[in-house]
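# Close look at the chain arrangement
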Amino acid sequence: MRIIIHNNYQILSNWTAYYIAKKINDFNPTPEKPFVLGLPSGTSPRGTFDQLVSLYREGRVSFQNVITFNMDEYVNCPTDNPGSYHFFMYQNLFNHIDIPRENINFLDGNAADLEKECFDYEEKIKNAGGINLFFCGIGPDGHIAFNEPGSSLSSRTRVKTLTHENIVANSKFFNNDISKVPKLALTVGIGTVMEADEVLVLVSGHSKARALQMAVESGVNHMWNISALQLHKKGIIVCDEEATDELKMGTVKYFKQIEKEAIENLPDF
């Protein structure tokens, strides 16, 4: 597992966007062989999305032959609701790049049969050839997507009941009114994420420091599902200095030393 430690959120975001763009360009996707990208929503990836839009506008990356799968979506939340992840993704990324609309995949939280929707989403990923790179964020308790602490590390896409803490945290997208936050969501599972060829997890800020410490310095634990990344053949955590506050000084020094080139240079493409 690689740990890339940057000075601050902006540098972290720029580096991550360059890394994703380089992966797409190196893959050289075609209509017959598209690059399949898993995506998060929420606060953490906004800086990366902004930089990806800039790279697209500069002509340095195209999403014409990219297929995306978003990680999660609320149940019974209209797609035009500003709190929905569908709305978020179009506002922050999809409306500003050249990705064909038919290449964008979301879980449908308004589907008549939610269990079938989850099964079909797994099949869509499989039929697309699997995910080449899953870009993820985490919550303060280390959860990926809506996989709350205690979720099985082999879990698949499913319906999840949200914890009170998660509802409170996400109320900022619903005018800070927790009564407006849906209580259920559809989410890919940890097993779904870990089947990707590569997984990149963004960890930013002091509030995520405990989760990063558990992911890096403790064993694999379903109460901190970010720790599953330890078992992935190609996992990478990109974090900022604030997020390392709970790590041992020796751990930080070690990763800064072995990743010196990556920290000091943007991915070249």
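Located above this text is the structure these notes cover.
Source: prediction; values computed, not measured.

Within this model, the largest pocket holds a volume of roughly 600 Å³. In terms of lining residues, the largest pocket is bounded by 31 residues, among which I138, G139, H143, N170 and K208 are the most central. Ranked by the residues each element gives to the lining of the largest pocket, the list is headed by helix α5 (residues 164-170), at 4 residues. Among the residues forming the lining of the largest pocket, the class breakdown is 12 nonpolar, 13 polar and 6 charged. Estimated volume of the second largest pocket: approximately 180 Å³.

With that out of the way, let us pick up the sheet that holds strand β8 (residues 184-187). Read from one edge of the open sheet, 3 strands run β4-β8-β7, paired in antiparallel fashion. Among the strands making up the open sheet, the edge pair consists of β4 (72-74) and β7 (158-161). Strand-to-strand twist across the sheet, computed as the mean angle between neighbouring axes with direction ignored, equals 30°. The pairing of β7 with β8 spans 4 bridges and is antiparallel. If you follow K160 over to β8, its bridge partner there is A185. Against the sheet, helix α4 (residues 114-127) contacts β7 and β8, and its axis sits at roughly 125° relative to β7.

Applying the stated rule across the entire model yields 14 aromatic pairs. For the ring pair F69 and Y121, a centre distance of 5.5 Å and an interplane angle of 80° mean the geometry is edge-to-face. Within this pair, whereas F69 is found in strand β3 (residues 66-70), its partner Y121 is found in helix α4, the two being separated by 52 residues in sequence. Y121 carries the same exposure label as F69, and that label is buried. Aromatic pair F94 and F106: ring centres 6.0 Å apart, planes at 80°, arrangement edge-to-face. Taken together, the positions of F94 in the loop between α3 (85-92) and β5 (104-105) and F106 in the loop between β5 and α4 put the pair 12 residues apart, joining distant regions of the chain. Each member of the pair F94 and F106 is classed as buried. The ring of F27 has K33 lying over it, and the distance from NZ or CZ to the ring centre is 5.1 Å.

A complete count under the given rule lists 0 disulfides for this structure. The thiol of C239 is not disulfide-bonded; the next cysteine sulfur, from C136, is found 15 Å away.

Time to look at the nonpolar core. Judged by nonpolar contacts, the single largest core of 43 residues is most densely connected at F134, V193, V201, V203 and I237. The element that contributes the greatest number of residues to this core is helix α7 (residues 209-217), accounting for 5 residues. The contact partners of V201, leaving out residues within four places of it in the chain, are C136, I138, I226, L229, I236, I237 and V238. Counting 35 residues, the second-largest nonpolar core is a separate cluster that includes F49, V53, V66 and L200.

The next subject is helix α8 (residues 249-258). Along an α-helix, residues three or four positions apart point the same way, because every turn accommodates 3.6 residues. Burial in α8 covers these residues: T251, V252 and F255. Buried residues of α8 fall within an arc of 95° about the axis and therefore sit on the same side. Residues of α8 that are exposed and point more than 90 degrees away from the buried face comprise M249, G250, K253 and Q257. Looking at the buried residues of α8, the elements they touch are β1 (2-6), α7 and α9 (260-264).

Our focus in this paragraph is the packing of helix α2 (residues 46-57) against α3. Packing of α2 against α3 leaves a shortest axis separation of 10 Å and a crossing angle of 40°. As the angle between them shows, α2 and α3 are arranged oblique. Only F88, M89 and N92 of α3 make contact with α2, whose side of the interface consists of R46, F49 and V53. Split by residue class, the contact of α2 with α3 holds 4 nonpolar, 1 polar and 1 charged.

Here we come to the side chain of N103. Secondary-structure assignment places N103 in the loop between α3 and β5. The residues touching N103, leaving out its near neighbours within four places in the chain, are Q64, V66, I67 and T68.

What counts, and where the lines are drawn
Residues numbered from 1 in each chain as written. Predicted model: local features only at pLDDT ≥ 70, side-chain atom pairs only at ≥ 80, totals over all residues. Heavy atoms only, no water. 1 Å grid on protein atoms, 1.4 Å probe; cavity = no way out; pocket = protein on both sides within 12 Å on 5 of 7 lines; lining within 4 Å. Points joined across faces, edges and corners; volume = space filled by probe spheres on them. Helix = DSSP H or I, 4+ residues; strand = E, 2+ residues; numbered from the N terminus. Nonpolar A, V, L, I, M, F, W, Y, C, P; charged D, E, K, R; others polar. Pairing = 2+ DSSP bridges. Axes fitted to C-alpha atoms, helices over the stretch in contact; angles between N-to-C directions. Contact = heavy atoms within 4.5 Å. Phe/Tyr/Trp six-rings, centres within 6.5 Å; stacked < 30°, edge-to-face > 60°. Buried < 20%, exposed > 50% of the residue type's maximum accessible area, 1.4 Å probe, protein only. Lys NZ or Arg CZ within 6 Å of the ring centre and 35° of its normal. Disulfide = S-S within 2.5 Å. Core = buried A, V, L, I, M, F, W, Y, C linked by side-chain atoms within 4.5 Å. Arc of directions from axis to C-beta. Parallel < 35°, antiparallel > 145°, perpendicular 65-115°, else oblique.

Function-wise, these values are silent; they only describe arrangement.
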